[in-house]
Amino acid sequence: MDERSALYRSLAGEPIARRVEGLPGSSPWEQAACWALAPAVGAFSQWVLGRALQDGVRRLYFLSRDGWHFYHMAQRLCRAWGLPVECRYLYGSRYAWRLPLYHTDHQRALSQLESGRTPPTAEGVLRQAGLSPEERAGVLGELAVSGKRPLSPGERRALFQKLKACPRFLFLMDRNSRQALPGLAGYLRQEGLLEGIPWALVDSGWMGSIQETLAQALALLGAAQGPRGYYWGLYQAPQLGRWACYSFSPGRELKRQAGFCPGFFEAALAAPQGMALGYEERRGRFIPRLGDPPHGGTLSQELEELFADYGEKLLQEGAPRNLLGRAAAELPRVCSLLEQLMTWPTRQEASAFGALPFWDSPLEGAAGPLASPPGGKSPWPEGSAALYGKCPKQELAALRARRWARVFKLAWKA
C-alpha cells in the first residue's frame, strides 16, 4: 500500500478531498499533484482574487514563470464567477528588469550582481551584467581572469573588487543598460502598469527583490506610487511598495516556513516557457525575448490539465460569499499536504519530482535535476535524501533541523 494512502483516506469528506475525488491520479506523482499541488493552486488563486476585491484592485499581473498556473486558475474563476478583476500574464525576471536600471546606480548594480543569485563563473557574472560574448572576452582578458572555471567565495570577492575598478567593464555595463531601458519602458507602458488603474503583482515571493526592482523601474518612468504585491510567502519584505502574503510573512508563521521548499515550489509549478531576458519592438508592439524552456513542457501540460480539472470542481461548488474566508479556512490543510510532499517525500515521489529540471541561474547553462545526486548542492535536498540517502529518515530529520535554523536566522533579520 502506498505510504500516502492512509493520509489521503483520512481527509474524506473535506472540501479538498471532494474536489480531488475522480481526478486522474494512479501514479505517485499524479497523486501528489492532485492532493498537494492542485489544492495549493486553487486556494492561492482564490486568496489573490479575494485580496484584489478587498483592496479595490482591478487588474492582476501574474509574473512569469511562477505565476503561470495561478494565472490560468484565477482567470478561469474570474470568468465563471463574473468577478470584476482582470487577469494578465506579465513577462519579467530579475535579469530583465535589473539590467535596464544598472546605469542609474553603478554601486547598486554591483551590489546586486555580487549578492544575488549570480552565476558561479566570471563569464556568468559578466553575462548577468549584460555583456556580449565579445565584450566578456575583452574584459576577462584585461583582468586576466578565467571565465569558465567555478569561483570560490574568495575568488568571487576578488573578481568584484577588480570589476569595481575596471573602467571598461563599467562603461560596457552602463551602455548596455541604457540600450535595454527603452524595451522595458515600452513593455511596461504597453501592458498598462502606468495607466493609473489599481493593480497588483502576483508571484511566489521569497525575498521581495522583484517588487523592489519593479518599483525602481516604475519610479524612473514617472509612476506616482509604488507597486502592490500578492505572494505565496515572503522571508524578507520589499522595501518599496505594499505587499500581502497568503502562507507566511517575514518573521511570522515560522512552522510553515520550516516546512516549505522554494526550489520544489518553483520547479513543480514552472511555466513551459523560458525566462524573460529582455524586450524588443516588432511592428509597434513590445515582445518579450525568452530563453530556452527548461524542459519540453510535457509535465507542465499534464499539470495544467489536472489543475483545470480541479478548477472545474471549484466552479461546481459555486462562487463563495467570502473568497478570503474560504482560502483562509483551507490554508492549514494545504500547507500540511505541501509540507508532507516537500520535506517528507516518499522514494516514489522523490523519483518523479526530483527529475524535474531546475535552473538556479538560467543564463549559465543547462538545468540540473531538482533532486541532484550526491556531490553537489541540491535544490531539493529532501528529495535527494529520499533517493540517495543511506538512512533517509535520519537525513530528512536533520534537514528539517537545518531548515528551522535558517528560518530563525531569516526571522532575526526580518
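In the block above lies the structure referred to throughout.
To start, this report covers the structure provided alongside it. Fair warning: this is a prediction, and the values are worked out from it, not measured in the lab. (Residues numbered from 1 in each chain as written. Predicted model: local features only at pLDDT ≥ 70, side-chain atom pairs only at ≥ 80, totals over all residues. Heavy atoms only, no water.)

## Here's the deal with the packing of aromatic side chains
So, step 1. A full pass over the atoms with the stated rule returns 26 aromatic pairs.
So, step 2. With a centroid separation of 5.9 Å and an interplanar angle of 55 degrees, the aromatic rings of F62 and Y71 are classed as tilted.
So, step 3. Judged by relative accessible area, which is 0%, F62 ranks as buried.
So, step 4. Between W68 and Y89 the ring centres are 5.1 Å apart and the planes differ by 80 degrees, which places this aromatic pair in the edge-to-face class. Within this pair, whereas W68 is found in helix α4 (residues 68-81), its partner Y89 is found in strand β2 (residues 86-90), the two being separated by 21 residues in sequence. For the pair W68 and Y89, one class covers both residues: buried.
So, step 5. An aromatic cluster is present here, built from F44, W47, F70, W206, Y230, W232, Y235, Y246, F248, F260 and F265 joined pairwise through their rings. (Phe/Tyr/Trp six-rings, centres within 6.5 Å; stacked < 30°, edge-to-face > 60°. Buried < 20%, exposed > 50% of the residue type's maximum accessible area, 1.4 Å probe, protein only. Helix = DSSP H or I, 4+ residues; strand = E, 2+ residues; numbered from the N terminus.)

## Comments concerning the layout of surface pockets
So, step 1. Looking at the second largest pocket, its volume works out to about 300 Å³.
So, step 2. The wall of the second largest pocket is formed by 19 residues, among which G196, I197, W199, Q225 and G226 lie closest to the centre. (1 Å grid on protein atoms, 1.4 Å probe; cavity = no way out; pocket = protein on both sides within 12 Å on 5 of 7 lines; lining within 4 Å. Points joined across faces, edges and corners; volume = space filled by probe spheres on them.)

## Notes on the sheet that holds β2
So, step 1. Pairing is parallel across the open sheet formed by 5 strands, whose spatial order is β2-β1-β3-β4-β5. At either end of the open sheet lies a strand with only one pairing partner, and these are β2 and β5 (242-248). Across this sheet, the average inter-strand angle for adjacent strands is 25 degrees, counted without regard to direction.
So, step 2. Where strand β1 (residues 59-63) lies against β2, 5 bridges are found, and the strand directions are parallel. For L63, the partnering residue across the bridge sits in β2 and is L90.
So, step 3. Set on the sheet, α4 makes contact with β1 and β2; between it and β2 the angle comes to about 160 degrees. (Pairing = 2+ DSSP bridges. Axes fitted to C-alpha atoms, helices over the stretch in contact; angles between N-to-C directions. Contact = heavy atoms within 4.5 Å.)

## Considering the nonpolar core
Proteins that are soluble and globular tend to have nonpolar side chains buried together.
So, step 1. Counting residues in each nonpolar core, the largest one holds 80 residues, and the members touching the most others are L49, L60, F62, Y230, W232 and F264.
So, step 2. With near-sequence residues (within four places) excluded, L49 lies in contact with L60, A74, L77, C78, L83, V85, C87 and L323.
So, step 3. Ranked by size, the runner-up nonpolar core spans 26 residues in total, among them A109, F169, L172 and L277. (Core = buried A, V, L, I, M, F, W, Y, C linked by side-chain atoms within 4.5 Å.)

## Focus: the packing of helix α3 (residues 28-55) against helix α16 (residues 347-354)
So, step 1. Relative to each other, α3 and α16 sit at 90 degrees, their axes nearing to 9 Å. Judged by the inter-axis angle, α3 sits roughly perpendicular to α16. Here α3 contributes P28, W29, A32, A33 and L37 to the contact with α16, which in turn contributes Q348, E349, A352 and F353.
So, step 2. Its residues placed into classes, the contact of α3 with α16 shows 7 nonpolar, 1 polar and 1 charged. (Parallel < 35°, antiparallel > 145°, perpendicular 65-115°, else oblique. Nonpolar A, V, L, I, M, F, W, Y, C, P; charged D, E, K, R; others polar.)

## Things to note about the pattern of salt bridges
So, step 1. This model, assessed by the stated rule, comprises 23 salt bridges.
So, step 2. Taking the shortest distance from any N to any O, the salt bridge between R127 and E123 comes out at 3.7 Å. Of the two residues, R127 and E123 both sit in helix α7 (residues 122-128), 4 residues apart, roughly one turn of that helix.
So, step 3. You can call E123 buried: its relative accessible area is 14%.
So, step 4. With its nearest N and O atoms 3.0 Å apart, the salt bridge here joins E317 to R326.
So, step 5. Judged by its relative accessible area of 35%, E317 is partly exposed.
So, step 6. Through salt bridges with shared partners, one network takes in R19, E317, R326 and E330. (Salt bridge = Lys/Arg side-chain N within 4 Å of Asp/Glu carboxyl O.)

## A word on empty space enclosed by the protein
So, step 1. The final tally for this structure, using the stated rule, is 2 cavities of 30 Å³ or more.
So, step 2. By volume, the largest cavity amounts to about 50 Å³.
So, step 3. Mapped onto the lining of the largest cavity, the elements with two or more residues apiece are α1 (5-10), α3 and α15 (323-343).
So, step 4. Broken down by element, the lining of the largest cavity gets its largest block of residues, 3 residues, from α15.
So, step 5. Among the residues forming the lining of the largest cavity, the class breakdown is 6 nonpolar, 1 polar and 2 charged.

Treat this as a map of the structure, not an account of what it does.
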